[in-house]
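What follows is the residue order along each chain.
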Amino acid sequence: QLQLQESGSGLVKPSQTLSLTCAVSGGSISSGGYSWSWIRQPPGKGLEWIGYIYHSGSTYYNPSLKSRVTISVDRSKNQFSLKLSSVTAADTAVYYCAREYYYGSGSYYSYFDYWGQGTLVTVSS
Amino acid sequence: DIQMTQSPSSLSASVGDRVTITCRASQSISSYLNWYQQKPGKAPKLLIYAASSLQSGVPSRFSGSGSGTDFTLTISSLQPEDFATYYCQQSYSTASITFGQGTRLEIK
């Protein structure tokens, strides 16, 4: 059974960089047919996709966050990471990591089938 | 970005009721539409993918339909454990995934 576990600082000062890691167990992060995403949820609000990294290493980011986001992978540790720079109070949220599964031929369908439990990051001085 | 709009934003219903939640996309997304259930303090859980396919292990009282811009999630007979928030998500634009704002389903 695949498991994802977020870790990182729960409190970040304004203008600093938020850093989180998602450790994957029960499967290889290098397996084809998947991408590895970060999704966040401000308190009491909805879900916002931040970006993902494919098994190949290609990345895609939410256009509204693109200038501040970096997602990377460490295959030796079977984990991927998120860095979000120049944070403000608006970045306070529960941050989830998730696996996106792709299937089909030609046109690919996808969905998020495994999620971490989420970690709350608060931006405050 | 493709905007996803859910209606209603909140809904009160009773155990045994039939409930329908609607999701509308700002442009055609074919059937690239997924539904998730989220309970307080928990991560979202996949219910329906590709608009109408039931995820393994999800009760058959959940069903999805639609294509193009208009989609529905139906719960045929509400159970106590179904009271939660539901989100739709489009996977048509893989470079910019978007979710609906959520529908909170409460006990009447």
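Asks: Explain the nonpolar core here, please?
Replies: Buried together is how nonpolar side chains tend to be arranged in soluble globular proteins. Leu18(A), Trp36(A), Trp38(A), Phe80(A), Leu82(A) and Tyr95(A) are the most contacted members of the largest nonpolar core, which totals 26 residues. Here the element with the most residues in this core is strand E3 (residues 18–25) of chain A; it accounts for four residues. One finds Met4(B), Ile21(B), Leu73(B) and Phe83(B) within the second-largest nonpolar core, a separate group that totals 24 residues.

Asks: What exactly am I supposed to notice about the layout of surface pockets here?
Replies: Gaps left between atoms are located by rolling a probe of water-molecule size over the structure's atoms. Considering only enclosed or pocket space, the largest pocket measures out at about 450 Å³ in volume. As for the largest pocket, its lining consists of 26 residues, of which Gln41(A), Gln38(B), Pro40(B), Thr85(B) and Tyr87(B) are closest to the centre. Looking at the lining of the largest pocket, the elements with two or more residues in it are strand E9 (93–103) of chain A together with strand E9 (85–90) and strand E11 (103–107) of chain B. Partitioning the lining of the largest pocket into residue classes produces ten nonpolar, twelve polar and four charged. For the second largest pocket, the calculated volume is near 310 Å³. Listing elements by their share of the lining of the second largest pocket, those giving two or more residues are strand E1 (3–8) and strand E10 (109–115) of chain A together with strand E5 (45–49) of chain B. If you tally residues by element for the lining of the second largest pocket, the top one is E10(A), at three residues. Each residue belonging to the lining of the second largest pocket can be placed in one class, and the counts come to eight nonpolar, five polar and two charged.

Asks: For this particular structure, what's the right way to read the pairing of E10(A)?
Replies: Along any regular strand the residues' side chains alternate between the sheet's two faces. Residues and elements named next belong to chain A. Most of E10 sits out of view: five of its seven residues are buried. Pairing between E9 and E10: six bridges, direction antiparallel. Following the sheet pairing, arginine 99 is matched in E10 by tyrosine 114.

Asks: Is there a simple way to think about the environment of Ser96(B) in this case?
Replies: You can see Ser96(B) is positioned in the loop between E9 and strand E10 (98–99). Given the relative accessible area of 7%, Ser96(B) is considered buried. Sequence separation between Ser96(B) and Asp1(B) is 95 residues; the distance between their C-alpha atoms is 6.5 Å. Excluding residues that lie within four positions of it along the chain, Ser96(B) makes contacts with Trp49(A), Pro63(A), Asp1(B) and Gln90(B). Side-chain polar atoms of Ser96(B) contact the side chain of Asp1(B), separated by 2.9 Å.

Asks: Could you clarify how one ought to interpret the interface of chain B and chain A in this entry?
Replies: Where interface size is quoted, it is often the accessible area lost as the parts come together. In this assembly, 23 residues from chain B lie in contact with 22 residues from chain A. Taken together, both faces of the contact between chain B and chain A bury some 1,900 Å²; the carbon and sulfur share is 59%. Here chain B and chain A share zero salt bridges between them. Inspection of the chain B/chain A interface yields nine residue pairs in polar contact (both at pLDDT 80 or more). Of all the elements, strand E4 (residues 33–38) of chain B adds the most residues to the side of chain B that touches chain A, at three residues. For the side of chain B that touches chain A, the class distribution of residues is eleven nonpolar, ten polar and two charged.

Asks: I keep staring at the pattern of salt bridges and nothing clicks. Help me out?
Replies: Side-chain pairs of opposite charge can arise whenever the charged atoms involved come near each other. Considering all chains together, one arrives at eight salt bridges over all chains under this definition. Between Asp113(A) and Arg99(A) there is a salt bridge, and its shortest N-O distance comes to 2.6 Å. Remark: Arg99(A) occurs in strand E9 and Asp113(A) occurs in strand E10; sequence separation between them is 14 residues. We classify Asp113(A) as buried; its relative accessible area is 18%. With its nearest N and O atoms 3.4 Å apart, the salt bridge here joins Glu81(B) to Arg61(B). Remark: Arg61(B) occurs in the loop between strand E6 (53–54) and strand E7 (62–67) and Glu81(B) occurs in the loop between strand E8 (70–75) and E9; sequence separation between them is 20 residues.

The rules behind each value
Residues numbered from 1 in each chain as written. Chains lettered and ligands numbered in written order. Predicted model: local features only at pLDDT ≥ 70, side-chain atom pairs only at ≥ 80, totals over all residues. Heavy atoms only, no water. Core = buried A, V, L, I, M, F, W, Y, C linked by side-chain atoms within 4.5 Å. Buried < 20%, exposed > 50% of the residue type's maximum accessible area, 1.4 Å probe, protein only. Helix = DSSP H or I, 4+ residues; strand = E, 2+ residues; numbered from the N terminus. 1 Å grid on protein atoms, 1.4 Å probe; cavity = no way out; pocket = protein on both sides within 12 Å on 5 of 7 lines; lining within 4 Å. Points joined across faces, edges and corners; volume = space filled by probe spheres on them. Nonpolar A, V, L, I, M, F, W, Y, C, P; charged D, E, K, R; others polar. Pairing = 2+ DSSP bridges. Contact = heavy atoms within 4.5 Å. Polar contact = N/O pair within 3.5 Å; in protein donor to acceptor, adjacent residues only side chain to side chain. Buried area = accessible area lost by both parts, 1.4 Å probe. Salt bridge = Lys/Arg side-chain N within 4 Å of Asp/Glu carboxyl O.

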